[in-house]
Amino acid sequence: MPPRIDTPLTRLTGIRLPIVQGGMQWVGRAALASAVSNAGGLGILTALTQPTPEDLAREIALCRAMTDQPFGVNLTMLPARTPPPYEAYLQAAIDGGVKVLETAGMIPPEFFARAKAAGMIILHKCTTVRHALSAERKGVDIISIDGFEAAGHPGEEDVGGLVLVPAAVRGLSIPVIASGGIADGAGLAAALALGAAGVNMGTRFCATQEAPIHPAIKAALVQASEGDTRLIFRTLRNTGRVLGNAVSEEVIAIENRPGGAGFQDIAHLVAGARGRAALETGDVDGGLVWASQAIGLIDDVPTCADLLLRMARDCSDRLRTALSAFAPERVAA
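The structure displayed is predicted, hence computed values, not measured ones.

### Topic: the overall build of the protein
Okay, step 1: Scanning the protein from N- to C-terminus turns up 15 helices and 10 strands.
Okay, step 2: Its C-alpha radius of gyration of 19 Å places the protein within 12% of the 20 Å reference for a compact globule of 333 residues.
Okay, step 3: Dimensions of the protein along its principal axes, counting C-alpha atoms only, are 65 × 45 × 40 Å.
Okay, step 4: Counting across all 333 residues of the protein, residues that qualify as buried make up 50%.

Next up, the structure:
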């Protein structure tokens, strides 16, 4: 049985450790989510990784067969010419008895209301305090605030977690969890010290035994340093942080060419199917590989159970060491 760290996040969700495996396209599947939940954290299935709502329903059933611990479903709503059937994906999660919904993007208030009416705990991801306040007014239960270090889309304001997390904690009345650049027990300890109720990790979970990613991609994450990510889509005001590779370098070169570039000029490079193929085949230069600056803190590929146990112990050690600086005899001296 994993140890327990008691925070508002663990109390709301019923997990033992305040560590969330954030939703990740192509990666958030039952094998990984169940392993995280069995280890004491909150595993998350990514709804849109599944081709249809019916496929999501089957993945939920598979995950439930692999763990008796809480897990959630991520549903990210982004602008699209032909939007996915978001309502049907939500209904699949409700029908599957999922109690935690992780959301991101432009979520309409009625969507939140429907999830709340079904008894779901809503964990919403955002990159600014003002967006977090808006989500709080719409009734979400937990905010996951993404600092500039994060993989995916860290926003356009470039505020790191050391400032963004306490600013969110100060401004909100609901629990906040820290996201972006967190990969170990020291990061968890720092988040708790900043007032967060836990952490949300993506990249670190990509470099675990259970992640459905080719070993060559995991090896690339282990070998990379904190300086080996790239920011793409900057000129399009849709910044994304990815692993530096041939594709990301080409995207940046096209964006920066004289006269500028539009999305149509890079669409063939950044297609989701191409990124999925890279993850599955191990071709590191075959497509975009989304990664946070936490790659500089990753030096092995453990099981989720080993990772979370290590994080809990390291977090405890770090906090005890910090507190020892305030021993009574030292204060008196």
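### Notes on the layout of surface pockets
Okay, step 1: Counted as a void, the second largest pocket has a volume near 220 Å³.
Okay, step 2: If you trace the second largest pocket, you find 13 residues lining it, with E149, G161, L162, G180 and I182 closest to the centre.
Okay, step 3: When residues of the lining of the second largest pocket are traced back to their parent elements, those giving at least two are helix 7 (161–171), strand 7 (176–179) and helix 8 (185–193).
Okay, step 4: Taken together, the residues of the lining of the second largest pocket break down into seven nonpolar, five polar and one charged.

### Remarks on the packing of aromatic side chains
Okay, step 1: Within the structure shown, the criterion is met by one aromatic pair.
Okay, step 2: A cation over an aromatic ring shows up here: R241 above the ring of F148, its NZ or CZ 4.8 Å from the ring centre.

### Structural notes on the side chain of S179
Okay, step 1: Mapped onto the elements, S179 comes out in strand 7.
Okay, step 2: Filtering out sequence-adjacent residues up to four positions away, S179 remains in contact with S144, I145, D146, G147 and N200.

### What about the environment of T208?
Okay, step 1: Mapped onto the elements of the fold, T208 is located in the loop between helix 9 (203–206) and helix 10 (215–223).
Okay, step 2: Between the C-alpha atoms of T208 and A30, which are 178 residues apart in sequence, the distance is 14 Å.
Okay, step 3: When residues no more than four places from it in sequence are discounted, the contact partners of T208 are L32, K218, V301, P302, C304 and L307.

### Details of helix 8
Okay, step 1: Every buried residue of helix 8 is listed here: G185, G187, L188, A189 and A191.
Okay, step 2: Between the side-chain oxygen at the start of helix 8 and the backbone nitrogen of A186 there is a gap of 3.3 Å, and the oxygen is on D184.
Okay, step 3: Following helix 8 by one or two positions, G195 adopts a phi angle in the positive range, close to 105 degrees.

### Details of the sheet that holds strand 4 (residues 100–105)
Okay, step 1: The strand order across the open sheet formed by eight strands is 1-8-7-6-5-4-3-2, and the pairing between neighbours is parallel. Looking at which strands have only one partner, the edges of the open sheet turn out to be strand 1 (19–21) and strand 2 (43–46). Within the sheet, the average angular offset between the axes of one strand and its neighbour, ignoring direction, is 30 degrees.
Okay, step 2: Strand direction decides the pairing type here: strand 6 (residues 142–146) and strand 7, joined by four bridges, are parallel. The residue of strand 7 that forms the bridge with I143 is V176.
Okay, step 3: Relative to the sheet, helix 5 (residues 109–117) contacts strand 3 (71–77), strand 4 and strand 5 (121–126), its axis offset from that of strand 5 by approximately 150 degrees.
Okay, step 4: Taken strand by strand, helix 6 (residues 129–137) contacts strand 5 and strand 6, and its axis lies near 165 degrees from that of strand 6.

### Things to note about the side chain of R241
Okay, step 1: Mapped onto the elements of the fold, R241 is located in strand 10 (residues 240–243).
Okay, step 2: One buried charged residue, R241, remains without a salt bridge, the closest side chain of opposite sign being E149 at 7.0 Å.
Okay, step 3: Side-chain polar atoms of R241 contact the backbone oxygen of A150, separated by 3.4 Å.

### Observations regarding the nonpolar core
Okay, step 1: Counting residues in hydrophobic clusters, the biggest one holds 77 residues, and the most contacted among them are I19, I143, I145 and F205.
Okay, step 2: Counting residues per element, this core draws most heavily on helix 14 (residues 304–324), which supplies six residues.
Okay, step 3: Setting aside anything within four residues of it in sequence, one finds F205 in contact with I19, V20, Q21, M24, L32, V36, A211, C304, L307 and L308.

### Observations regarding helix 7
Okay, step 1: Burial in helix 7 covers these residues: G161, L164, V165 and A168. With its buried residues spanning 95 degrees around the axis, helix 7 presents them on a single face. Opposite its buried face, helix 7 presents the exposed residues L162, V163 and R170, each directed more than 90 degrees away.
Okay, step 2: On its buried face, helix 7 is in contact with helix 6, strand 6 and strand 7.

The rules behind the values
- Residues numbered from 1 in each chain as written.
- Predicted model: local features only at pLDDT ≥ 70, side-chain atom pairs only at ≥ 80, totals over all residues.
- Heavy atoms only, no water.
- Helix = DSSP H or I, 4+ residues; strand = E, 2+ residues; numbered from the N terminus.
- Rg over C-alpha atoms; globule rule 2.2 N^0.38 Å.
- Buried < 20%, exposed > 50% of the residue type's maximum accessible area, 1.4 Å probe, protein only.
- 1 Å grid on protein atoms, 1.4 Å probe; cavity = no way out; pocket = protein on both sides within 12 Å on 5 of 7 lines; lining within 4 Å.
- Points joined across faces, edges and corners; volume = space filled by probe spheres on them.
- Nonpolar A, V, L, I, M, F, W, Y, C, P; charged D, E, K, R; others polar.
- Phe/Tyr/Trp six-rings, centres within 6.5 Å; stacked < 30°, edge-to-face > 60°.
- Lys NZ or Arg CZ within 6 Å of the ring centre and 35° of its normal.
- Contact = heavy atoms within 4.5 Å.
- Polar contact = N/O pair within 3.5 Å; in protein donor to acceptor, adjacent residues only side chain to side chain.
- Pairing = 2+ DSSP bridges.
- Axes fitted to C-alpha atoms, helices over the stretch in contact; angles between N-to-C directions.
- Lys, Arg positive; Asp, Glu negative; His and termini not counted.
- Salt bridge = Lys/Arg side-chain N within 4 Å of Asp/Glu carboxyl O.
- Core = buried A, V, L, I, M, F, W, Y, C linked by side-chain atoms within 4.5 Å.
- Arc of directions from axis to C-beta.

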